[in-house]
Amino acid sequence: MHFSFPSAVVAALISCLLVGKHAEASEVLDIGKDNIEAIVAQYDVVFVNFYAEWCKFSRMLAPIFEQTAAKIKADYPQVNRVALGRIDCDKEADTCAAYHISKYPSLKLWRSGQVAKREYRGQRTMDAFVQHLTDQLKDPILPIGSIQENEAVAEKRKKRAVYLHFSSNQVPYWHNVQRMAAYLRDDCPFYVVFGSTGPGTSRPSGDTVVFRELIGSNFNEDVYQGPLDDYNSLNQWIYDRCVPLVREITFENAEELTEEGLPFLILFHKADDLSSVELYKSEIKKQLLGDRNTVNFLVADGEKFSHPLQHLGKSQADLPLIAIDSFRHMYLFPDFKDITTYGKIKTFIDDLHSGKLHRVFHYGFDPNEAAAQPVVIEIGGQVQAGEHVPVQDINAPKKQAGGNSQSPPESSFRKLAPSRNRYTLLQKDEL
């Protein structure tokens, strides 16, 4: 007996066979909560795509990621060298939540079992991915002849760098330092001078770790005095210097900083005004160390970021000034000089979290509060520093005298967050 199948059925069967063959041949590892720890520990580098099947950007990326995996396997056939993986966030919601995935696709990288601080935000092409992974596989510690020789070359003169003065790469703490260098490679380059006695060391071996930071045209030098075989102590010492409490925001890192989800406390300054920057850093360290998990402390070149200043009704002539960007609105700290008055900048931040900044902008201070207010917001000339404004009468149809019928200036930095032209964002009203 002869059976005849409609052409549509035949096409569907062929399609299913091809899909099955493609799945078997895939070089991309399927990752979930049951195997993620084993996989990231098994390879030197693991590049992971957090995706959703329904996301159009994820679907566009899928074949490119497959091509990249095949190319990488051909270029690096060594066992356990590098792997590409994918996590379906609809099926692995807990795993994606653990890594704070807020958009699809998100591309994260693991080095030596540690997830990198920064996710991949470059071009989504095979060539770009291959170049990125090739760079990640390079030794994160670069041997040099001397510090002076290295810093004499302009392109090698980094703002912050770690210099290792070791007798050889056979010292027992070499592997630990390699792990630190791999994790912090996006923040600090690591250089090693073999056979050189480091400055300020009392160790018989002469082995030393030195941190150097460019301040203006000069380098400040800090020497690690703790035990080199104490991983936790050395790691914390290096991390605190390579990832400073106060960071500079640029157009290159703004998307990454906004995605951290913390409000910005920003010092806008003139490019050549280093003294204000140092004062700001000093006071933040003195007064706000305990707030580092609730606020991002940043400095910004006021000329490059002139648009936020215009939102605040300010210009270059008003610098330096401090403002909060909450990703909804911007609020101005009344007077930069007040930063040295202990407690004022702290109250400014606390008032943001409590909602008081927004309330005071609209309605002024509650007359039942203490007369001496540590912080008053002055935006748009409506509420002046030190001015006492009565609380709003709940029966009044209009705003009270001294309040502001308009909202504070909208956030400027929210516009630098991940773009909907590139990602599917999970929370439409947030970052």
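Residues numbered from 1 in each chain as written. Predicted model: local features only at pLDDT ≥ 70, side-chain atom pairs only at ≥ 80, totals over all residues. Heavy atoms only, no water.

Draft legend 1. Looking closely at the sheet that holds strand 14 (residues 296-301). Strand order in this open sheet of 5 strands is 12-14-13-15-16, and the pairing throughout is mixed. Both edges of this open sheet fall to strand 12 (246-248) and strand 16 (330-332), since each of them pairs with a single strand only. Neighbour-to-neighbour, the strand axes of the sheet open up by a mean angle of 30°, direction not taken into account. Two strands pair when backbone bridges link them, and strand 13 (residues 264-269) and strand 15 (residues 321-325) are joined in this way by 5 bridges, in the antiparallel orientation. Pairing of L265 across the sheet is with I324, part of strand 15. The sheet strands contacting helix 10 (residues 274-287) are strand 12, strand 13, strand 14 and strand 15, and the helix crosses strand 13 at an angle near 155°. Contacts between helix 12 (residues 344-354) and the sheet are confined to strand 13, strand 14, strand 15 and strand 16, with strand 15 contributing the most and set at about 20° to the helix. (Pairing = 2+ DSSP bridges. Helix = DSSP H or I, 4+ residues; strand = E, 2+ residues; numbered from the N terminus. Axes fitted to C-alpha atoms, helices over the stretch in contact; angles between N-to-C directions. Contact = heavy atoms within 4.5 Å.)

Draft legend 2. View of the state of the cysteines. The tally for this structure, following the rule as stated, stands at 2 disulfides. Covalent S-S linkage joins C89 and C96, the inter-sulfur distance amounting to 2.1 Å. Measuring handedness by torsion sign, the sulfur bridge of C89 and C96 sits at about -90° and is left-handed. Two residues share a disulfide in this structure: C188 and C242, whose sulfurs sit 2.3 Å from each other. Note on the C188 and C242 pair: the S-S dihedral is about -110°, so by sign convention the disulfide is left-handed. Pair noted here: C188 is in the loop between helix 7 (174-183) and strand 9 (190-194) and C242 is in helix 8 (residues 231-242), with a separation of 54 residues, a long-range link. This pair shows no difference in class: C188 is buried, exactly as C242 is. (Disulfide = S-S within 2.5 Å. Buried < 20%, exposed > 50% of the residue type's maximum accessible area, 1.4 Å probe, protein only.)

Draft legend 3. Representation of the side chain of E151. Secondary-structure assignment places E151 in helix 6 (residues 147-151). Classification of E151 as buried rests on a relative accessible area of 10%. In this structure the side chain of E151 is engaged in a polar contact, spanning 2.8 Å, whose partner is the side chain of R212. (Polar contact = N/O pair within 3.5 Å; in protein donor to acceptor, adjacent residues only side chain to side chain.)

Draft legend 4. Structural view of the pattern of salt bridges. Going through the model one piece at a time under the given rule, you end up with 22 salt bridges. In this structure, D135 and K138 form a salt bridge, with 3.4 Å as the shortest nitrogen-oxygen distance. Residue classification places D135 among the partly exposed positions, given a relative accessible area of 29%. A salt bridge links R212 to E221; the shortest N-O distance between them is 2.8 Å. In the salt-bridge network here, residues are joined through shared partners; they are D30, E66 and R86. (Salt bridge = Lys/Arg side-chain N within 4 Å of Asp/Glu carboxyl O.)

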